[in-house]
Structures are given as C-alpha cells and as structure tokens.
Amino acid sequence: MDVTPATAPLVRLSGVNKHFGDLHVLRDIDLDVDKGEVLVVIGPSGSGKSTLCRAINRLEPIDSGTIELDGEPLPEEGRALARLRSDVGMVFQSFNLFAHKTVLENVTLGPLKVRKAKKADARKEALELLDRVGVKDQADKLPAQLSGGQQQRVAIARALAMHPKVILFDEPTSALDPEMVGEVLDVMVGLARDGMTMVVVTHEMGFARKAANRVVFMADGQLVEQATPEEFFTNPRSTRAKDFLSKILPH
C-alpha cells in the first residue's frame, strides 16, 4: 500500500542521466529519499552506485534531469553550491582527511570556515562528536597516526560537525581491513538509530539488513528494484538481484 508522506522528500532525483564518454552510467534515475530514511544502495561493481552518490552533492555533474535537496534544485556552482555541500555530508572510501592537520583540526575546519562558528564552540562540539564516534582520545594526533577504522570514524565526525541534512556514504568500509569494518558500521548504525538521513553505497549486507529502511538495487546504471531489507533479501523480484545475491550471500 502506498502512503504518500505529508512532507516532500529531502532528496529527489528525477530523470537523471550521466555519461562518461560512451558509457551511460546513470539511466533515467528517479529516486526519493525521505527525511530520517536510511537508504542503502547495492549492486555489482560498475553499476553506477558511487556515481549516483556523488551526483547528489554535485561532485559529479549530471547530463540531464534534476536533483533537489529539501525542495530546492541543486545549484550549479559558486557560493550556493558551497552552501549546499555544507548541508550534504559526504564520507568517502578513502577518508580524505587533511594529512597535515590534527584530528581535532580536521573536524573543526568546516564549522569555522563555512559556518563561521566561534572557535571555542567548534572545539567543544568537535570533541563531543569525536567522543560519540569513539576517538576522542586521538584528537591531537595526525590522521597518519590512526588506524583506517579510526580515520573513517573521524571522517564521520567531520561530516556531522556541519549539521548536514543528509550524509552520503560512498563505500565507507571497502578500504578497511576486515577487523576495522565493524567499528565503522557500529557508528553508522548508531546514526541511523538517531534518525540521520543517510544514503549508503556499500557491500556490507549485514548493515543493509540491520540499518536500512529501504534497499535499492542497481545494475547497468538503472534502479532495478527497491524494497525493505526483509523483502529484498528474502524475496528479490528481478533476475539480476537474485543472481547478485546468490553470489554474495552465504548458502
């Protein structure tokens, strides 16, 4: 049964297309993400998942279609785009922390520069966020002195420091050693429970089952199907999804 939400979606993609040369990586994508929803995007490599994620904050320009955040179309460039980016947090596969700045400086940089926060306030909140993700004791270290899992948790704290409306996670655990994956996913599950709107591209099916409100399956640049985790993992409708799950899920 379709229930129309009373509020407009927080993120809306309509008829989005993207090419890299001859490769059609996003094909007529229509997708809504509601406020407080955790949307997990899965699919085979090269299906367009990361491009979709990066298009939502214009790290990847699109060829046609529209993307709206909170009812406003994404600005093309300039100050309006910088403002939009501060509303859309992003956590990358490769952490992307500033190597020459301490953990604390990495987290306070955005609030100080973009949000024009007071130094004492930015510092206080940064320490609270680092505590929340479990790395407060590393605040004065440089990123290189931390494990990959710790660096990724700092990157999540950095995204949260901007008070984003939505956070995009582009394969946040795929560069980590297996024993560090859990510590990052635990933080993400906590955010999901706290009602953070999240779009997560991941290969971690356990996370999708545990934290997602909705799973979107992509293949060949298209949204092939979307369902609740329960429905998707127990009863995938498309041949592509069945094939994908048969390869990755334990038998």
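Structure's up top.
Every value quoted in this text rests on a predicted model; they were computed, and no experiment measured them.

Chemist: Explain the nonpolar core to me, please; I cannot follow it from the model alone.
Modeler: Formed by 54 residues in total, the largest nonpolar core has its most connected members in I156 and M198. With 9 residues, helix α6 (residues 178-193) is the single largest residue contributor to this core. Here I156 is in contact with V91, V133, F169, V184, V187, M188 and L191, once residues within four sequence places are set aside. Counting residues in hydrophobic clusters, the runner-up holds 29 residues, among them L52, C53, A55 and L168.

Chemist: I'm lost on the side chain of R58 in this one. Help?
Modeler: Mapped onto the secondary structure, R58 falls in the loop between α1 (49-55) and β4 (64-69). Under the relative-accessibility criterion, R58 is labelled buried at 14%. Setting aside residues up to four positions removed in sequence, R58 forms contacts with L74, P75, E76, L81 and R85.

Chemist: Is there a simple way to think about the layout of surface pockets in this case?
Modeler: Empty space among the atoms becomes visible once a probe the size of a water molecule is rolled across them. Of the volumes computed, that of the largest pocket is approximately 490 Å³. Along its surface, the largest pocket is lined by 21 residues, and R85, S86, G110, R158 and M162 are the ones closest to its centre. Where the lining of the largest pocket is concerned, the elements lending two or more residues are α2 (78-87), β6 (88-91), α3 (103-113) and α5 (148-160). A per-element tally of the lining of the largest pocket places α3 first, with 6 residues. When its residues are assigned to classes, the lining of the largest pocket shows 13 nonpolar, 5 polar and 3 charged.

Chemist: Honestly, the packing of α3 against α5 in this entry has me stumped. Any pointers?
Modeler: Interaxial distance between α3 and α5 falls to 8 Å at its minimum, and their mutual angle equals 25°. Accordingly, the angle class assigned to the pair α3 and α5 is roughly parallel. Seen along the crossing, α3 lies across α5 with a hand that is right-handed. Contacts between α3 and α5 involve V103, N106 and V107 from the former and V154, A157 and R158 from the latter. Taken together, the residues of the contact of α3 with α5 sort by class into 4 nonpolar, 1 polar and 1 charged.

Chemist: Help me understand the side chain of R214 in this model?
Modeler: Position of R214 among the secondary structure elements: in strand β9 (residues 214-219). Taking relative accessible area as the criterion, R214 reaches 18% and is therefore assigned buried. Here the side chain of R214 touches D32 through a polar contact of 2.5 Å, landing on its backbone oxygen. Looking at R214, its side chain comes within polar contact range of the side chain of Q226, at 2.4 Å. Not counting residues within four places of it along the chain, the set of residues in contact with R214 comprises L31, D32, V33, E37, V38, L39, V40, Q226, A227 and P229.

Rules used in this analysis
- Sequence order sets the numbering: in each chain, residues are counted from 1 along the sequence as written.
- Owing to the predicted nature of the model, reporting of local features is limited to residues with pLDDT of at least 70; listing and counting of side-chain atom pairs is limited to 80 or more, with chain, interface and lining totals taken over all residues.
- Side-chain numbers here rest on the full set of heavy atoms in the structure, without hydrogens or water.
- The nonpolar core is taken to be a set of buried Ala, Val, Leu, Ile, Met, Phe, Trp, Tyr and Cys residues, with the residues joined through side-chain atoms within 4.5 Å.
- The classification of residues rests on relative accessible area computed with a 1.4 Å probe and restricted to protein chains. Under 20% of the type maximum is buried, over 50% is exposed, and intermediate values are partly exposed.
- Only runs of H or I of at least four residues qualify as helices and only runs of E of at least two qualify as strands under DSSP, and these elements are numbered from the N terminus.
- Any two residues whose heavy atoms approach within 4.5 Å at even a single point are treated as in contact.
- Here the term cavity refers to a set of points on a 1 Å grid, laid over the protein atoms alone, in which a 1.4 Å probe fits but cannot get out; the term pocket refers to an open set having protein on both sides within 12 Å along at least five of seven lines, with lining residues being those that place an atom within 4 Å of a point.
- Grid points are joined across faces, edges and corners, and a volume is the space filled by probe spheres set on the points.
- Think of it as three bins: nonpolar holds Ala, Val, Leu, Ile, Met, Phe, Trp, Tyr, Cys and Pro, charged holds Asp, Glu, Lys and Arg, and polar takes everything else, Gly as well.
- In this description, a line fitted to the C-alpha atoms serves as the axis of each element, helices being fitted only across the stretch in contact, and the angle between N-to-C directions of two axes falls anywhere from 0 to 180 degrees.
- An angle below 35 degrees is read as roughly parallel, one above 145 as roughly antiparallel, one from 65 to 115 as roughly perpendicular, and any other as oblique.
- Note on convention: near helix rotated counterclockwise from far helix by under a right angle means a left-handed crossing. Clockwise means right-handed.
- Definition of a polar contact: a pair of N or O atoms within 3.5 Å, with one able to donate and the other able to accept a hydrogen when the atoms are protein atoms, and with sequence-neighbouring residues admitted only if both atoms are side-chain atoms.

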